[in-house]
Amino acid sequence: MAMLEPNDASGIRFLTDEETDALLAAPDGSTWIGRRDRTLLQVAVHTGLRASEIVGLCREDAHLDTDPHLCCHGPEGAYRAIPLTPETVAALSTWLAEGNDTELIFCTRSGGALNPAAVERLIAGHAATAARANPALRITDVSSHTLRHTAARSLLHNGAAPSVVPFLLGYETA
């Protein structure tokens, strides 16, 4: 299978490994919001979850021990379990150990629910910051959908069967 290039003729846009690294490094890890955002970006890049799915994740959806995965209910209630990389398990474990008074994994500082538009704004803001380290990001509108494509590319690059990728991203159900 030929590897897609960013901004290729197919119109599919994803981040390169270098762009992804710059994006994940952009949030300020010395602040609560920066740590939340870094973990949220890590989850988005490595799972391909939609912004609406990310904001709905609860602590009980994170299974970080044996067979680490996130449980997710996508559009129309379709259920799926998304496997997690060791890096994502480590990020989520650290984030969840920090604790908050809500069942939501990702919430506002006051414990309220984030909404998908807020996720899109934080992705765009951190992409703008990351563009200072990686100028290629200056010409890219980075959104949750871009991160979904990045996750798909990573899955394919790491040997996932092309028939499995749409299921993992919630495009198809079993």
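Refer to the structure printed above.
Here goes a summary of the coordinates provided.

What counts as what
- Residues numbered from 1 in each chain as written.
- Predicted model: local features only at pLDDT ≥ 70, side-chain atom pairs only at ≥ 80, totals over all residues.
- Heavy atoms only, no water.
- Salt bridge = Lys/Arg side-chain N within 4 Å of Asp/Glu carboxyl O.
- Buried < 20%, exposed > 50% of the residue type's maximum accessible area, 1.4 Å probe, protein only.
- Pairing = 2+ DSSP bridges.
- Helix = DSSP H or I, 4+ residues; strand = E, 2+ residues; numbered from the N terminus.
- Core = buried A, V, L, I, M, F, W, Y, C linked by side-chain atoms within 4.5 Å.
- Contact = heavy atoms within 4.5 Å.

Some details on the pattern of salt bridges
Pairs may arise between side chains of opposite charge once their charged atoms sit close together.
Next, step 1: Per the stated rule, a full pass over the model turns up five salt bridges.
Next, step 2: With a closest N to O distance of 3.2 Å, Glu19 and Arg13 form a salt bridge. Neither Glu19 nor Arg13 differs from the other in exposure class; each is buried.
Next, step 3: The network of salt bridges with common partners includes Arg50, Glu53 and Arg80.

Things to note about the sheet that holds strand β3 (residues 79–83)
Next, step 1: If you walk across this open sheet you meet the three strands as β1-β2-β3, and the pairing is antiparallel. At either margin of the open sheet sits one strand with a lone partner, and together these are β1 (62–63) and β3.
Next, step 2: The pairing of β1 with strand β2 (residues 69–73) spans two bridges and is classified as antiparallel. Bridge assignment links His63 to a residue of β2, and that residue is His69.

So, the pairing of β2
Next, step 1: Along β2, four of the five residues are buried, which leaves the element largely enclosed by surrounding structure.
Next, step 2: Taken together, β1 and the strand that follows it, β2, pair antiparallel across an intervening segment of five residues, in which Asp67 is found at a positive phi of about 50°.
Next, step 3: Bridge analysis of β2 against β3 gives five bridges, and the strand direction is antiparallel. Within β3, the position partnered with Cys72 by the bridge is Arg80.

Focus on the environment of Leu41
Next, step 1: By the element assignment, Leu41 lies in helix α2 (residues 32–47).
Next, step 2: Sequence spacing of Leu41 and Ala26 is 15 residues, and the spatial spacing of their C-alpha atoms is 9.9 Å.

A word on the nonpolar core
Next, step 1: One finds Leu49, Leu70, Leu92, Ile105, Phe106, Val142 and Leu147 to be the most contacted residues of the largest nonpolar core, which totals 41 residues.
Next, step 2: Counting only elements with at least two residues in this core, the list comes to α1 (17–25), α2, α3 (51–54), β2, α4 (86–98) and α5 (116–130).
Next, step 3: With sequence-adjacent residues up to four places away left out, Ile105 is seen in contact with Leu57, Cys58, Arg59, Ala62, Leu70, Leu92, Trp95, Leu96 and Asn100.

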